[in-house]
Amino acid sequence: MMIWRKVGTLFRASACEPAEKLVDANALRILAQELRETEQAMVQAKRELASLMAEGRQLERHNSQLERVIRERETQAREAMARGEDALVEELAEAIARDENLLTEQRQHADRLASQEKSLREQLRLAAHALQRYKREMSLARANHNAEQVLRQLGSQTSGLQAHLGDVAQSVERIRSRQSHRSDVNDALQELDREASGEDLEQRLQRAGIATGKQDASAVLARLRAGSDSTGEDGRVTRP
């Protein structure tokens, strides 16, 4: 039985998961709608408060008028007593008693209205502060959501950019490699040409200081100078 209860719990959890995912995916939209509904509720509450305040004001005016009537009846009753109008005094006393009882009830009702007004005012004040706070949080949540989207887009674009740069780097390296290979081939061909014409051997012999039998201008000039110094009396040049 324990296993089947676990399976039933799993099925219920699985049924809730799609709804939870739907709520999470639309959290900002849900929050915005809830805030709008809260604002509408506050508007309705303000109207009720205004109606309550109007009723209280009307009751205050009625109580003030009733107090004036009671004072007038009391003045009339005193005059009647002074004139010995006992029946009239009794009738006025009954009217004053009715008005005083009504005034007491209306004052109690006015006190209840004032208490309700004070409580509703406080509730609206707290609700307004909470609503403003939730609006700021929603703005921050939207900003974070937009920032996350921008970062995701930037990340994908950066990845694409890095891929393109990698391709460019490979192409440049391939071009450099081909150009270097072509230069090496040209140098090798020139070296082979020099070897084929014997130039390379002559250059190596000259660098080694070995005579190659070829004359150049400096050698001829040195020989002429040496010949001038060794010329005999008969004018012939004595060659070494």
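Keep in mind that this is a model prediction, so the values were computed, not measured.

A.B. asks: Teacher, can you tell me more about the overall build of the protein chain here?
C.D. replies: Each helix and strand in the protein chain was counted, giving 5 helices and 0 strands. Helices and strands in the protein chain line up, N terminus first, as α-α-α-α-α. Out of the 240 residues belonging to the protein chain, those deemed buried represent 13%. In the protein chain, the proportion of contacts linking residues at least 24 apart, taken out of those at least 6 apart, comes to 71%. Total accessible area on the protein chain stands at roughly 19600 Å², and carbon and sulfur atoms take up 54% of it.

A.B. asks: Looking at this model, I keep getting lost on a negative patch on the surface. Mind explaining?
C.D. replies: A grouping of Glu 85, Asp 86, Glu 90, Glu 91 and Glu 94 is seen on the molecular surface, where their side chains present a negatively charged patch. Looking at where Glu 85 falls in the secondary structure, it is placed in the loop between α2 (27-83) and α3 (86-197).

A.B. asks: It is not clear to me how α2 should be interpreted in this structure. Could you clarify?
C.D. replies: Along an α-helix, residues three or four apart share an orientation, since each turn contains 3.6 residues. The end-to-end C-alpha separation of α2 is 83 Å, in line with the 84 Å expected for 57 residues at 1.5 Å each. Gly 84, located one to two residues past α2, shows a positive phi value of around 80°.

A.B. asks: I would appreciate a short explanation of the nonpolar core in the present structure.
C.D. replies: Burial of nonpolar side chains together is a common tendency in soluble globular proteins. Among the nonpolar cores identified, the biggest contains 8 residues, and these are Leu 66, Ile 70, Ala 77, Ala 80, Val 89, Leu 92, Ile 96 and Leu 103. Contributions of two or more residues to this core are made by α2 and α3. The contact partners of Ala 80, leaving out residues within four places of it in the chain, are Glu 85, Leu 88, Val 89 and Leu 92.

A.B. asks: Explain the side chain of Glu 117 here, please?
C.D. replies: Inspection of the secondary structure puts Glu 117 in helix α3. For Glu 117, a relative accessible area of 12% translates into the label buried. Sequence-distant contacts of Glu 117, defined by excluding residues within four places in its chain, comprise Leu 49, Leu 52, Met 53 and Arg 57.

A.B. asks: I'm lost on the pattern of salt bridges in this one. Help?
C.D. replies: Side chains that differ in charge, positive against negative, can pair when their charged atoms come close. By the definition in use, this model includes 5 salt bridges. Here Glu 117 ties to Arg 57 by a salt bridge, and the two come within 3.7 Å at their closest N and O atoms. Here Glu 117, found in helix α3, pairs with Arg 57, found in helix α2; they are 60 residues apart in sequence, far enough to count as distant. Residue Arg 57 is classed as partly exposed on the basis of its relative accessible area, which comes to 33%.

A.B. asks: Quick question: what am I supposed to make of the side chain of Asn 63 here?
C.D. replies: Within the secondary structure, Asn 63 sits in helix α2. Its relative accessible area of 6% is what places Asn 63 among the buried residues. Within polar-contact distance, the side chain of Asn 63 engages the side chain of Gln 106 at 2.4 Å. In this structure Asn 63 touches Leu 103, Gln 106, Arg 107 and Ala 110, once residues within four positions along its chain are discounted.

A.B. asks: Could you clarify how one ought to interpret the environment of Asp 99 in this entry?
C.D. replies: Summarising the element assignment, Asp 99 is placed in helix α3. For Asp 99, a relative accessible area of 16% translates into the label buried. Taking the C-alpha atoms as reference, Asp 99 lies 9.7 Å from Arg 73; in sequence the two are 26 residues apart.

A.B. asks: Looking at this model, I keep getting lost on the confidence of the model for the protein chain. Mind explaining?
C.D. replies: Regions with low pLDDT should not have their predicted coordinates read in detail. Of all residues in the protein chain, 63% attain a pLDDT of 70 or more, and the chain-wide mean is 76. Across the protein chain, element-level confidence peaks in α2 with a mean pLDDT of 88 and bottoms out in helix α1 (residues 2-25) with 62.

A.B. asks: Looking at this model, I keep getting lost on the environment of Leu 52. Mind explaining?
C.D. replies: Within the element layout of this structure, Leu 52 appears in helix α2. Owing to a relative accessible area of 13%, Leu 52 belongs among the buried residues under this scheme. Sequence separation between Leu 52 and Glu 117 is 65 residues; the distance between their C-alpha atoms is 6.7 Å. In this structure, Leu 52 is in contact with Leu 113, Gln 116 and Glu 117, ignoring residues within four places of it in sequence.

A.B. asks: So what exactly am I meant to see when it comes to the environment of Arg 78 here?
C.D. replies: Its location among the elements puts Arg 78 in helix α2. Distance in space between the C-alpha atoms of Arg 78 and Leu 92 is 9.7 Å, their sequence separation being 14 residues.

Criteria and thresholds
- Residues numbered from 1 in each chain as written.
- Predicted model: local features only at pLDDT ≥ 70, side-chain atom pairs only at ≥ 80, totals over all residues.
- Heavy atoms only, no water.
- Helix = DSSP H or I, 4+ residues; strand = E, 2+ residues; numbered from the N terminus.
- Buried < 20%, exposed > 50% of the residue type's maximum accessible area, 1.4 Å probe, protein only.
- Contact = heavy atoms within 4.5 Å.
- Areas by Shrake-Rupley, 256 points an atom, 1.4 Å probe, with all protein chains shown as cover.
- Patch = residues over 30% accessible without salt bridge, like charges linked within 9 Å, V, L, I, M, F, W, Y side chains within 5 Å.
- Salt bridge = Lys/Arg side-chain N within 4 Å of Asp/Glu carboxyl O.
- Lys, Arg positive; Asp, Glu negative; His and termini not counted.
- Charge placed at Lys NZ, Arg CZ, Asp CG, Glu CD.
- Expected span 1.5 Å × (residues − 1).
- Core = buried A, V, L, I, M, F, W, Y, C linked by side-chain atoms within 4.5 Å.
- Polar contact = N/O pair within 3.5 Å; in protein donor to acceptor, adjacent residues only side chain to side chain.
- pLDDT = per-residue confidence, 0-100.

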